Amino acid sequence: MSDNDRVSGATSTIDSADTQTVTKQLSTLDRFLPIWIGVAMVVGVVLGKVFTGLDDTLDRIKIDTVSLPIAIGLLAMMYPVLAKVKYRSINQVLDRRSLVLSLVLNWLIGPALMFALAWTLLPDLPEYRTGLIIVGLARCIAMVLIWNDLACGSRELAAVLVAINSVFQIVAYSILGYFYLELLPDWLGLDSDGIDVTVWEITKSVLIFLGIPLLAGFLTRLIGEGRKGTEWYEARFLPRIGPVALYGLLFTIVILFALQGDAITDEPFDVARIAIPLLIYFAVMWSSSFAIGLKMGLPYERNTSIAFTAAGNNFELAIAVAIGVFGVSSGQALAGVVGPLIEVPVLVGLVYVALWARRRYYPSMDEATAASPASPVAPVTGVDE
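Residues numbered from 1 in each chain as written. Predicted model: local features only at pLDDT ≥ 70, side-chain atom pairs only at ≥ 80, totals over all residues. Heavy atoms only, no water.

Trainee: Any details on the overall build of the chain? Residues and values, ideally.
Mentor: Secondary structure summary: the chain contains 18 helices and two strands in total. In the chain, which comprises 385 residues, the proportion classed as buried is 52%. For the chain, contacts bridging at least 24 residues in sequence account for 84% of all contacts bridging at least 6. Accessible surface for the chain amounts to roughly 16600 Å². Of this, 65% is attributable to carbon and sulfur atoms. (Helix = DSSP H or I, 4+ residues; strand = E, 2+ residues; numbered from the N terminus. Buried < 20%, exposed > 50% of the residue type's maximum accessible area, 1.4 Å probe, protein only. Contact = heavy atoms within 4.5 Å. Areas by Shrake-Rupley, 256 points an atom, 1.4 Å probe, with all protein chains shown as cover.)

What follows is the structure, given as structure tokens:
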């Protein structure tokens, strides 16, 4: 047997052992997440079709302009993940290279790429095109924490990047909306569709969808560790609240798809056309970010967190803006809802790509995992079943 055959055989053994270790340590909910998400999508669409007027009823259940069902689902989804963050370590995780790379990807490349894709692939559909640009301007602050956790990225770095994106969002969203929807199209001789969104509307969305669960997660860890100790908090408490994150995710998906069930089923061709630029966007943003991180020599946990925060979008803000400015039945709102329809399964798929890339490009990590089967893989739910 040649040396190459021996190396190949050893690598295959390590990959197989690592894959089995990861699979065994994930809960049933985590292992079959794509199936549960697909079921939630179908349930939402069916509910929207069977119960006529359900979308209007759900849309009326709101406080001010905030949909209460969506808010409940998002808060349930984010709280357990943010309760896992080791806040004492946050000041140690953010380095200059990671910060600069994340800012460039999120606030320069991301919006520009979505603008280019929207105009290239939807030149004859101005409402959907505008909706996609609105999605591209809303940088990630919520669901990305789920994908990052599943892919074993750095929770602390992801929390910091999400917080930074939130601050930038408050300051930059209206400015970027004016630039990409009015100023740049005018310079290029294209049609323009402006948006009128106040700083307070953006701030309110960020405070509700990030501020509340962030504060709850921070206080939970502070009080829990203070009263019961770190060992109890990590080994006993977090596994108990872990499943709430994915239940919240599935509930949110059902509500979103129930709101737009009619549009999704009545206009499948339009949905497909909206989906194409979104598919390209998520794939390009994640893969280019991960490749740049590899070139820069970033550790896997950091590289993964940056890649997912670059690829993810704040769909709840995008949908809120589209509905608030153009109406709940508008094409812009439909494009906003199609965002998570595509983002959820694609980023779930990218979780598996990230774990494959860890085996391929970070072999020393997998050797350590294979040698220590009891090492944590950080499933979102934290429960073995």
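Next, the rest of the story.
Trainee: How would you summarise the packing of aromatic side chains if you had to cite specific residues and measurements?
Mentor: Following the criterion strictly, the structure yields 12 aromatic pairs and no others. Ring plane angle 10° and centroid distance 4.9 Å describe the contact between W286 and F290, whose orientation is recorded as stacked. Within this pair, W286 and its partner F290 are both found in helix α14 (residues 268-296), separated by four residues, close to a single helical turn. What makes W286 buried here is its relative accessible area of 4%. Residue class for F290 comes out buried when judged on its relative accessible area of 4%. (Phe/Tyr/Trp six-rings, centres within 6.5 Å; stacked < 30°, edge-to-face > 60°.)

Trainee: Describe the confidence of the model for the chain, and please don't skip the residues or the numbers.
Mentor: Across the chain, the average pLDDT comes to 78, with 78% of residues at or above 70. With pLDDT under 50 throughout, residues 1-25 is counted as low confidence; its partners more than four residues away or in other chains account for 27 contacts. Low pLDDT, under 50, characterises residues 369-379; the predicted model gives this stretch 21 contacts beyond four residues in sequence or across chains. (pLDDT = per-residue confidence, 0-100.)

Trainee: Mind laying out a nonpolar patch on the surface, listing which residues take part and the relevant values?
Mentor: Together, F32, I35, W36, V39 and V43 make up an exposed nonpolar region whose accessible area comes to about 410 Å². You can see I35 is positioned in helix α3 (residues 33-50). (Patch = residues over 30% accessible without salt bridge, like charges linked within 9 Å, V, L, I, M, F, W, Y side chains within 5 Å. Salt bridge = Lys/Arg side-chain N within 4 Å of Asp/Glu carboxyl O.)

Trainee: Now, about the packing of α14 against helix α17 (residues 331-361): what can you tell me, with residues and values included?
Mentor: The geometry of a pair of packed helices is captured by two quantities: the angle between their axes and the separation between those axes. Direction vectors running N to C along α14 and α17 enclose 30°, while the axes themselves pass 9 Å from each other. On the basis of their axis angle, the class for α14 and α17 is roughly parallel. The handedness of the crossing between α14 and α17 comes out as right-handed. On the side of α14, the interface is formed by V271, I274, A275, L278, L279, F282, W286, F290 and L294, while α17 contributes L334, A335, V338, G339, I342, E343, V346, L350, V353, A354, A357 and Y361. (Axes fitted to C-alpha atoms, helices over the stretch in contact; angles between N-to-C directions. Parallel < 35°, antiparallel > 145°, perpendicular 65-115°, else oblique. Left-handed = near helix turned anticlockwise from the far one by under 90°.)

Trainee: Tell me what's going on with the nonpolar core, and back it up with residues and numbers.
Mentor: Here is a general trend for soluble globular proteins: nonpolar side chains tend to be buried in one another's company. If you look at the biggest cluster of nonpolar residues, it comprises 103 residues, and the most contacted ones within it are I37, I146, W147, L249 and F308. Top contributing element to this core by residue count: α17, with 15 residues. Ranked by size, the runner-up nonpolar core spans five residues in total, among them A83, Y233, F237 and I241. (Core = buried A, V, L, I, M, F, W, Y, C linked by side-chain atoms within 4.5 Å.)

Trainee: Hey, could you go over the pattern of salt bridges for me, with residue numbers and the actual values?
Mentor: Applying the stated criterion across every chain yields a total of six salt bridges. Of the charged contacts, one joins D95 and R302 as a salt bridge, the two residues approaching to 2.5 Å between their closest N and O atoms. Of this pair, D95 sits in the loop between α6 (90-93) and α7 (96-121) while R302 sits in helix α15 (residues 300-311), placing them 207 residues apart in sequence. Look at D95 and you get partly exposed, because its relative accessible area is 23%. On the accessibility criterion, R302 (19% relative accessible area) is buried. In this structure, R221 engages E225 in a salt bridge whose closest nitrogen and oxygen atoms are separated by 2.7 Å. Of the two residues, R221 and E225 are both situated in helix α11 (residues 199-228); the distance of four residues between them amounts to about one turn of the helix. In this structure R221 comes out as buried when scored by relative accessible area, which is 4%. Residue class for E225 comes out buried when judged on its relative accessible area of 12%.

Trainee: Give me the side chain of T309: which residues, what numbers.
Mentor: Its place among the elements puts T309 in helix α15. A distance of 2.8 Å separates the side chain of T309 from the backbone oxygen of S305, its partner in a polar contact. Within polar-contact distance, the side chain of T309 engages the backbone oxygen of I306 at 3.0 Å. If we skip the residues at most four places from it in the chain, T309 touches S102, N106, C140, V144, L161 and N165. (Polar contact = N/O pair within 3.5 Å; in protein donor to acceptor, adjacent residues only side chain to side chain.)

Trainee: Run through helix α12 (residues 230-259), naming residues and quoting values.
Mentor: Taking 1.5 Å per residue as the helical rise, α12 with its 30 residues ought to reach 44 Å, and the 42 Å between its terminal C-alpha atoms agrees with that figure. By the largest-angle criterion, L238 marks the main kink of α12, which is about 45°, and a proline, P239, follows within four residues. (Expected span 1.5 Å × (residues − 1). Bend = angle between axes of the 7 residues up to and from the residue.)

Trainee: I'd like to hear about unusual backbone geometry, residue by residue, with values.
Mentor: In this model, C152 sits at a positive phi of 65°, which is unusual for a non-glycine residue. Turning to its location among the elements, C152 is positioned in the loop between α9 (144-150) and α10 (155-187). In this structure C152 comes out as buried when scored by relative accessible area, which is 11%.

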